[in-house]
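Fold and geometry: a report
Take a look at the letters that make up each chain.
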Amino acid sequence: MRRDPPPQSDPDRREFREEAESLWRINLAPATWAAHFVTSYAIAAVVCAKAPALLPHARLALLLATGLALAVILWLGWRAWRQWDYRTTGDYTNALGEAEDRHQFLGHAAVLLALISAIGVVYGTLPVLLLESCR
Amino acid sequence: MSEPQNTGPQGPYPPSAEMLATPVPQAQQERSAAELRAAWAPPKGWRYVTAVNNSEIGLWYALSAFGFMLLAGVLGLLIRLQLALPENDLISADRFNQFFTMHGSAMMFLFAVPMFEAIAILILPALLGGRDMPFPRLSAFGFWCFVIGGVFVMGSLLFNAAPTAGWFMYPPLATQDEGPGSDIWLLGLSFIEIASIAAAVELIVGALKCRPPGMRVNIMPLYAWYVLVVGGMILFAFPPLIAGDFLFELERSFDWPFFDPTRGGDPMLWQHLFWIFGHPEVYIVFLPSIAIAAMVVPTVARRPIVGYSWIVLSAVGTGFLSFGLWVHHMFTTGLPNISLGFFSAASEAVVIPTGIQLFAFAATLIAGRVKMSLPMLWIAGALAIFTAGGLTGVMLAIAPFNWQVHDTYFIVAHLHYTLFGGMVFPVIAGIYYFFPFIRKKMLSERLGRWAFWLIFTGFNVTFLPMHLTGLLGMPRRVFTYPEAAGWGWLNMISTLGAFVIAAGFAVFVWDLLRPKGAQQQMPRNPWAAGTLEWSHNIPAEYWGARSIPHITSRYPLWDDPDLVARMDAGRYYLADSPHGHRETMVTSVIDASPELVQRVTGPTWITLLAALFTGGAFIFPTFHMYAPALVSGAFALVCILYWLWTSTARPPAHEMRDAGLGLSLPTYASGPKAVGWWAVWITMLGDATAFASIVFGFFFYWTSKPDFPPEDAPHAAPELVALAVLALTASWALTLAARQWNAAGRIGRARAALITAPLLTAGGASALTLSVQALEPTTHVYPAIIWALMIWVVAHALVGLIMQLYCLAGSLTGKLTPRYDADLWNITLFWHFLCLTVLVAGAVIGLAPGVL
Ligand code: HEM
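Residues numbered from 1 in each chain as written. Chains lettered and ligands numbered in written order. Predicted model: local features only at pLDDT ≥ 70, side-chain atom pairs only at ≥ 80, totals over all residues. Heavy atoms only, no water.

Named according to an unreviewed UniProt entry, chain B is cytochrome-c oxidase originating from Pararhodobacter oceanensis. Here chain B is described in UniProt, under the heading Catalytic activity (unreviewed entry), as follows: "4 Fe(II)-[cytochrome c] + O2 + 8 H(+)(in) = 4 Fe(III)-[cytochrome c] + 2 H2O + 4 H(+)(out)". (UniProt positions renumbered as here; feature names shortened; annotations may be inferred.)

Rendered as structure tokens:
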């Protein structure tokens, strides 16, 4: 499965170079989910313990937080989709050892993680929508 | 970062096809093989126990974990014997409590997690075409800690002194428990958890920095991805438990009322901390098994895995989502419904990535030409059992149903379905699959099938009826039940089944341990697999990979037919050892381009001694013998310092090393290029999590108790807190400055900073200690948690102080120079974290009382 490195233009090389990537980046979408989750939990806990009367406001705030989290994840996902570049390369598996494969693979993984994080955020919002009291 | 020129890699990379095709002269092959063999020779005779090589440590680790599992299994059998008949009196109620507590604890802490680490230590370097883990002595230290801790905890059974409060030790049952049982659990298992974290650090660094050249992240074996994810999870899941153990032990030893509601404490805090650990733990146990399946399935299907990126996604996604599950286990504890909702939601979400992985495996099998081998049989059994367990799990995630069957045998059944399907079967599959790699012998096909069918049938006979037993209302953890309850026959069936499982394990163990000397030499790659571990020499050599290959695809053994011959000829990197050192290659994180030749450490007694003394420091306090504990701790410290001083980050004799294929690599690195720096980073992430858990505790009390902090409570002296924060921050700044001055060649200044900084550290630590003297920790939870925070910071400051002195000594003796400054980089990293800790703790101790 060895193949010669394809001739690359300079901008390509710059785009695929190692320093431009980081393993952290694929974690950003899940981290957004985590932040949303912790915020929801913390706000619900504090409000229910200290000021149950404020719950309607808290729910509104949490819905806003959900909107924000989804927007962030969407943006991350869109960037990753561009990085994956599936539409133009048609390369789905990125199984080769070239810089370009690695670049697109990280994009692909990030797209998928954005997807699952978005689902996680939506699930995490359901209780806010469905439950109207602390007890 | 001032790095002198010419310390980077020099020469062509990646190697061209012609370079790889050039043969290596026979004489050179023989010479270099002899050099390597000498460098990697294992210690002989009774010195064998000083070995630190991953192949030895991993093997011992796996065998001990398996041994503990068999012991815990025997406890399971005894439990079943007692429950076989109504009103049985085979074992007393107290013994029974000890048995189920130790059965659960040993299975989880002495088998499930350590087994992952053992297998990973054993095979990861080979999967990565490497020679060894980056820190062999750290693995050895972790292993010895594990054995000492495990023997101690299990040994308590013999003295009828084992813990009795169940494997999650809920207070107040466990806080008020007489005798040392609970202390043994808390201290013994904390000790093991620390060893687990050490192994996790090592594995993460191994997967990130020790891959062979060219193995970019998109082509590394899936197993390595799982190691990263599981390692990361251990790093965030275990520290909360350690923090919980810390608070718990303070309560038991000194009567600080963290979990005592009469003095403002709250047992719920323990439940939170335990389950922040406990639910990810389920996935920590389960993902490595999936990882094994991810290696076995492509081999069996004889084609590359389908959906590599999808599997990576599921692994990372599960890692995250599983942390959203902790309250899952507390449905019946009266939390606000809305909070429970969040966790119910997360429990449902985690099903998605789990499903994706199973689909990817199914797709691979369907798309391939399956050859049903013994490992695959076990994987298939695992899938069947795990799916059943998953179904009951979804049922349990529905809160009302959960209230119904909470604490009945339904839970016991569900638990064992997930654990057998998600852990025991895949691990056995892994053992069958990797045994030829580990021992260079084959296991018996016939015995394997016997073992499989015995365990599989026995398992279902034992645990399937338990669902019904639970629905009929039999509570778990009861040592007997009345005849009239009508569960007798179900229990009898379960007990009979348990003995069928035991028979299956007996067959398996016999197959594993029976002498195989007469067996013929086996073929080199018996399963015709595609990954690098099967390139190892037969008969076995200790050097790991003969030469470290350049990798360009996911299944190099399938894709590059010349690879193995070239590795054998020493065509690739590091084929020799001109100075007789053990070395391995360090590469960059994303693209694995060569960066460094890392010298790895060899056999030694020091890790064994360090583990013994560390063990003493944890074991003596269970009997309230604090003086011997302190002495033992001091000896442990001396051992560890000696170990670090003599064998880490020493200036090398040769600046560059000819790595082969024209490439010349440096032999020393500091900062982010060095593996040690990464290890500090990762360790500190775990440490910060533990600290965050204690801070969480503070705010938890605030939300759960209306009188926290109490109206008239005395607070810490604010001036002293401020002084402490100032002094410690200044010490941090000086440490950072020392690193920069040293790198710039201004050694005098750097030394001056390293003399002043420890003084400031000592001053800051004293000020913080003094600031809380007016508080009486036994009276109420508020002073107690302030004290706990203070102890945490002061203990870390002391470690930071030792580090500063260590670097000062290094600078004075020539171990640390402007060029060779890895130690200084590492301690600065530690101090970054410490500085953050100090600021947060200062705010909580000094400012929060005014604000709340
Ligand atoms: C021979 C196989 C086994 C048998 C016969 C068995 C039997 C049992 C029984 C009867 C209980 C319930 C005790 C009670 O509630 O009174 C139990 C609990 C438990 N088992 Fe097993 N077990 C086996 C294997 C395993 C394995 C392989 C694991 C984990 C990897 C495991 C983990 C646990 C845990 C965590 C508990 C809960 C302990 C507690 O309530 O604190 N068991 N086991």
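Moving on from the model shown.
Turning our eyes to something else, we now look at the side chain of lysine 705 of chain B. Within the fold, lysine 705 of chain B resides in the loop between helix H21 (675-704) and helix H22 (718-743). Here lysine 705 of chain B sits buried without a salt bridge, and the closest side chain of opposite charge, aspartate 266 of chain B, lies 4.5 Å off (N-O distance). A distance of 3.3 Å separates a polar atom in the side chain of lysine 705 of chain B from the backbone oxygen of glycine 265 of chain B. Once residues within four sequence positions are removed from consideration, lysine 705 of chain B is found in contact with Lys50 of chain A together with Gly264, Gly265 and Asp266 of chain B. (Helix = DSSP H or I, 4+ residues; strand = E, 2+ residues; numbered from the N terminus. Buried < 20%, exposed > 50% of the residue type's maximum accessible area, 1.4 Å probe, protein only. Lys, Arg positive; Asp, Glu negative; His and termini not counted. Salt bridge = Lys/Arg side-chain N within 4 Å of Asp/Glu carboxyl O. Polar contact = N/O pair within 3.5 Å; in protein donor to acceptor, adjacent residues only side chain to side chain. Contact = heavy atoms within 4.5 Å.)

With that out of the way, let us pick up the packing of aromatic side chains. All names here are of chain B. Summed over the entire model, instances satisfying the criterion amount to 65 aromatic pairs over all chains. When the centroid spacing of 4.8 Å and the interplanar angle of 65° are considered together, the rings of tyrosine 417 and phenylalanine 459 count as edge-to-face. Of this pair, tyrosine 417 sits in helix H14 (residues 409-439) while phenylalanine 459 sits in helix H15 (residues 445-471), and the two are 42 residues apart along the sequence. A single burial state applies to tyrosine 417 and to phenylalanine 459, both of which are buried. (Phe/Tyr/Trp six-rings, centres within 6.5 Å; stacked < 30°, edge-to-face > 60°.)

A few words now on the pattern of salt bridges. The tally for this structure, following the rule as stated, stands at 17 salt bridges over all chains. Put simply, arginine 216 of chain B and aspartate 591 of chain B hold a salt bridge, and the shortest N to O gap is 2.9 Å. Taken as a pair, arginine 216 of chain B in the loop between helix H6 (181-209) and helix H7 (222-254) and aspartate 591 of chain B in the loop between strand S1 (583-587) and strand S2 (594-599) lie far apart in primary sequence, 375 residues in all. The same class applies to arginine 216 of chain B and to aspartate 591 of chain B, which are both buried. Residues aspartate 576 of chain B and arginine 657 of chain B are paired through a salt bridge, measuring 3.2 Å at the closest nitrogen-oxygen approach. Taken as a pair, aspartate 576 of chain B in the loop between helix H18 (563-569) and S1 and arginine 657 of chain B in strand S3 (residues 656-660) lie far apart in primary sequence, 81 residues in all. For the residue pair aspartate 576 of chain B and arginine 657 of chain B, the accessibility class agrees, reading buried in each case. Each of Arg102 of chain A together with Arg216 and Asp591 of chain B takes part in a single network of salt bridges with overlapping partners.

What follows deals with the environment of proline 758 of chain B. Residue and element names in this part refer to chain B. Mapped onto the elements, proline 758 comes out in helix H23 (residues 747-771). Sequence spacing of proline 758 and leucine 808 is 50 residues, and the spatial spacing of their C-alpha atoms is 9.9 Å. What proline 758 contacts, discounting residues up to four positions off in sequence, is Ala753, Leu801, Gln804 and Leu805.

Quick look at the pairing of strand S4 (residues 663-666) of chain B now. Residue and element names in this part refer to chain B. Of the two faces of S4, the one holding Leu663 and Leu665 and the one holding Ser664 and Pro666 are both buried throughout. With 4 bridges connecting them, S3 and S4 associate as antiparallel partners. Each bridged residue has a counterpart across the sheet, and for aspartate 658 the counterpart in S4 is serine 664. In sequence, S3 turns back onto S4 through a hairpin of 2 residues, with leucine 661 there showing a positive phi of about 50°. (Pairing = 2+ DSSP bridges.)

Residue and element names in this part refer to chain B. In the vicinity of the ligand, 20 residues are found, and the nearest of them are His103, Trp167, His416, Arg476 and Arg477. In the model, a nitrogen atom of the ligand is placed 2.8 Å from a nitrogen or oxygen of the histidine 103 side chain. At 2.7 Å from an oxygen atom of the ligand is found a side-chain nitrogen or oxygen belonging to arginine 477. Where the shell around the ligand is concerned, the elements lending two or more residues are helix H3 (54-83), helix H4 (93-127) and H14. By residue number, the principal contributor to the shell around the ligand is H14, which donates 7 residues. Here the residues of the shell around the ligand sort into 13 nonpolar, 4 polar and 3 charged. (Near = heavy atom within 4 Å. Nonpolar A, V, L, I, M, F, W, Y, C, P; charged D, E, K, R; others polar.)

Right, let's get into the environment of isoleucine 311 of chain B. Residues and elements named next belong to chain B. You can see isoleucine 311 is positioned in helix H9 (residues 308-321). Residue classification places isoleucine 311 among the buried residues on the basis of a relative accessible area of 0%. Along the sequence, isoleucine 311 and isoleucine 694 sit 383 residues apart, while their C-alpha atoms lie 35 Å from each other. Leaving out residues up to four positions away in the same chain, isoleucine 311 has contacts with Leu222, Tyr226, Ile305, Val306, Ala360 and Phe361.

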